Amino acid sequence: MPSTDFDAGERLAELVDHLHRVGALMDRRWRDAFLQVRRHAFIPDPIWAEDGDRGDGWMIPVGRDDPYWWDNAYTDFALPTQVDDGTPVGEDGRGRYATSSISQPSLVARMLEALRITDGARVLEIGTATGYNTGLLCARLGAENVVTIEVDPTLAERGRAALRAAGWKPTVVCGDGTSGVPAEAPFDRVLATVAAKRVPYAWVEQTRPGGLIVTPWGNDYMATVLLRLEVGENGTATGRPIGDAPFMWLRDQRAAAGRWSDHVDFHAPVRTSRTTVDPHQVVVRGSGAEFTVGTWAPGLCRAWFDAEDASGEATLWLYDTKGSWASVDYVPGATEYEVEQAGPRGLWGEVEAAVGWWQRARRPGRERFGLTVTPDGQHVWLDEPTNEVARP
Ligand SMILES: C[S@@+](CC[C@H](N)C(=O)[O-])C[C@H]1O[C@@H](n2cnc3c(N)ncnc32)[C@H](O)[C@@H]1O
């Protein structure tokens, strides 16, 4: 039960003020839309939260009878709303991984504003989940202009029901959003509220020339960026990163399961060498070096460990899911670092090659890169779409 002084209208107004203050919600018409959508009406019972008593990363359900549920309904946080695809895998019904959530309001607002929407635009949303973001689109554009697709049948039904209860009847489809919704195309905008490693060409095909696709995009190595792509007359879509957008992956593009140590065979024959590339350089969140390494070394994952003593030493672990791994030991003040590699790929060699290219290109920041999506795949470029970056 909510505490007796819970006033949804007041909490919503405070949230909207907050979103304006942090620069996420600047457009008056989006502000009006936010004021029409009560977030708590889209939050299911239960949500999921980390088990603070154990602190081991497992999640427990938190129902509407818990003040935590109400306290968080109008905070600027994403809330997990499903774990383990609906079947918690832990003991006593505990959950391991969040597989659906209601997104962070400031990120929702930034993404909606990034759509540069005009009245009457027709929008396809990928990843309905709770229906909260769909409700905002309905409030801004009218439900008749909104199509949304969710891969999980239970969630699709729950999202549809929450939208109806709030008074909107957009087209809610249950299916794989990587195919778009061809029967409802063309769209003026496609908004993915789930992250892609490969932008599906169906989204390009189903967007009118001049239309925009806004999607979180990335890979297991680097911070996920928010991409805005414009669809051209030639059937391709081109654009740049416009910010950060931490999101869960499209269901068939999920990250490697398990911990880093599950992918490192400590008994494999090891190749030892030394490197002059400082491992810190390639793990700076949002940097051009991180972006270059992440986009050029397919399937690369990483883990960084600082030494527990005061030495300042650290180890970078790199791995893929096919038996290759590398470790680099950082020592403060050193100019060379020890490297160990195992498996068919030379993962640190790939990183060094990418860093070498990035240094020769005069260390471009992430914002100078862009992406073009064509029928044959996605292509990374630097400064201009014609300046495609060929992998070293
Ligand atoms: C972060 S949630 C979206 C948040 C949502 N827009 C909201 O406001 O509550 C991501 C959703 O994308 C869904 N999803 C994952 N892969 C998908 C796919 N291939 N097609 C459609 N939905 C997908 C997940 O099941 C999950 O519910």
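Residues numbered from 1 in each chain as written. Predicted model: local features only at pLDDT ≥ 70, side-chain atom pairs only at ≥ 80, totals over all residues. Heavy atoms only, no water.

## Quick word on the sheet that holds strand β6 (residues 146-150)
For step 1, the next point in the chain: Strand order in this open sheet of nine strands is β7-β6-β5-β8-β9-β10-β11-β17-β18, and the pairing throughout is mixed. Edge positions in the open sheet fall to β7 (171-174) and β18 (377-382), since each of these has one partner strand only. For this sheet the average axis-to-axis angle between neighbouring strands, irrespective of direction, equals 20°.
For step 2, the next point in the chain: Strand direction decides the pairing type here: β6 and β7, joined by four bridges, are parallel. Within β7, the residue paired with E150 across the bridge is C174.
For step 3, the next point in the chain: Packed onto the sheet, helix α4 (residues 105-114) meets β8 (187-192), β9 (207-217), β10 (225-231) and β11 (237-244) and runs at close to 160° relative to β9. (Pairing = 2+ DSSP bridges. Helix = DSSP H or I, 4+ residues; strand = E, 2+ residues; numbered from the N terminus. Axes fitted to C-alpha atoms, helices over the stretch in contact; angles between N-to-C directions. Contact = heavy atoms within 4.5 Å.)

## What about helix α6 (residues 153-165)?
For step 1, the next point in the chain: For α6, spanning 13 residues, the distance from its first C-alpha to its last is 18 Å, which sits close to the expected 18 Å at 1.5 Å a residue.
For step 2, the next point in the chain: Residues of α6 that are buried include every one of L155, A156, G159, A162 and L163, and no others. Each buried residue of α6 lies within a common arc of 130° when the element is viewed along its axis, so the set occupies one face. Exposed and facing more than 90 degrees away from the buried side of α6 are P153, T154 and A165.
For step 3, the next point in the chain: Buried residues in α6 make contact with β3 (79-83), β4 (98-102), α5 (132-141), β6 and β7.
For step 4, the next point in the chain: Phi for G167, located one or two positions after α6, is positive at around 100°. (Expected span 1.5 Å × (residues − 1). Buried < 20%, exposed > 50% of the residue type's maximum accessible area, 1.4 Å probe, protein only. Arc of directions from axis to C-beta.)

## Examining the site of the ligand
For step 1, the next point in the chain: Taken together, 24 residues are adjacent to the ligand, and S100, T130, E150, D176 and G177 come closest.
For step 2, the next point in the chain: N133 is positioned such that a nitrogen or oxygen atom in its backbone is 3.2 Å from an oxygen atom of the ligand.
For step 3, the next point in the chain: Contact between the ligand and R251: a nitrogen atom at 2.9 Å from a main-chain N or O atom of the residue.
For step 4, the next point in the chain: Starting from 600 Å² of accessible surface for the ligand in isolation, the protein chains cover 99%.
For step 5, the next point in the chain: Breaking the shell around the ligand down by element, the ones donating at least two residues are β4, α5 and β6.
For step 6, the next point in the chain: Take the shell around the ligand: its biggest share by element is four residues, from β4. (Near = heavy atom within 4 Å. Polar contact = N/O pair within 3.5 Å; in protein donor to acceptor, adjacent residues only side chain to side chain. Areas by Shrake-Rupley, 256 points an atom, 1.4 Å probe, with all protein chains shown as cover.)

## Some words on the packing of aromatic side chains
For step 1, the next point in the chain: Under the defined criterion, the tally for this structure stands at twelve aromatic pairs.
For step 2, the next point in the chain: Between the aromatic rings of W317 and W325, the centroid separation amounts to 5.6 Å while the plane-to-plane angle is 45°, which identifies the pairing as tilted.
For step 3, the next point in the chain: The exposure class of W325 is buried, given its relative accessible area of 3%.
For step 4, the next point in the chain: Linked through ring pairs, W217, F291, W296, W357 and F369 together constitute an aromatic cluster.
For step 5, the next point in the chain: Sitting above the plane of the Y132 ring, R39 keeps its charged end 5.8 Å from the centroid.
For step 6, the next point in the chain: Cation over ring: R140 sits above W30, and NZ or CZ is 5.8 Å from the ring centre. (Phe/Tyr/Trp six-rings, centres within 6.5 Å; stacked < 30°, edge-to-face > 60°. Lys NZ or Arg CZ within 6 Å of the ring centre and 35° of its normal.)

## As for the domain arrangement of the protein chain
Frequently, the measure chosen for interface size is the accessible area removed from exposure when the parts meet.
For step 1, the next point in the chain: Domain boundaries assigned for the protein chain yield domain 1 (106-251) and domain 2 (260-360).
For step 2, the next point in the chain: For domain 1 and domain 2, the distance between their C-alpha centres works out to 35 Å.
For step 3, the next point in the chain: Each side of the interface is counted separately: domain 1 has six residues, and domain 2 has 13 residues.
For step 4, the next point in the chain: In total, about 850 Å² of surface goes out of reach between domain 1 and domain 2, with carbon and sulfur atoms giving 67% of it.
For step 5, the next point in the chain: Considering only the surface of domain 1 that becomes buried against domain 2, Y221, M222 and A223 emerge as the three largest contributors, covering 70% of it.
For step 6, the next point in the chain: Linking domain 1 with domain 2 are zero salt bridges, by the criterion used here.
For step 7, the next point in the chain: Inspection of the domain 1/domain 2 interface yields five residue pairs in polar contact (both at pLDDT 80 or more). (Domains from an automatic or database assignment. Buried area = accessible area lost by both parts, 1.4 Å probe. Salt bridge = Lys/Arg side-chain N within 4 Å of Asp/Glu carboxyl O.)

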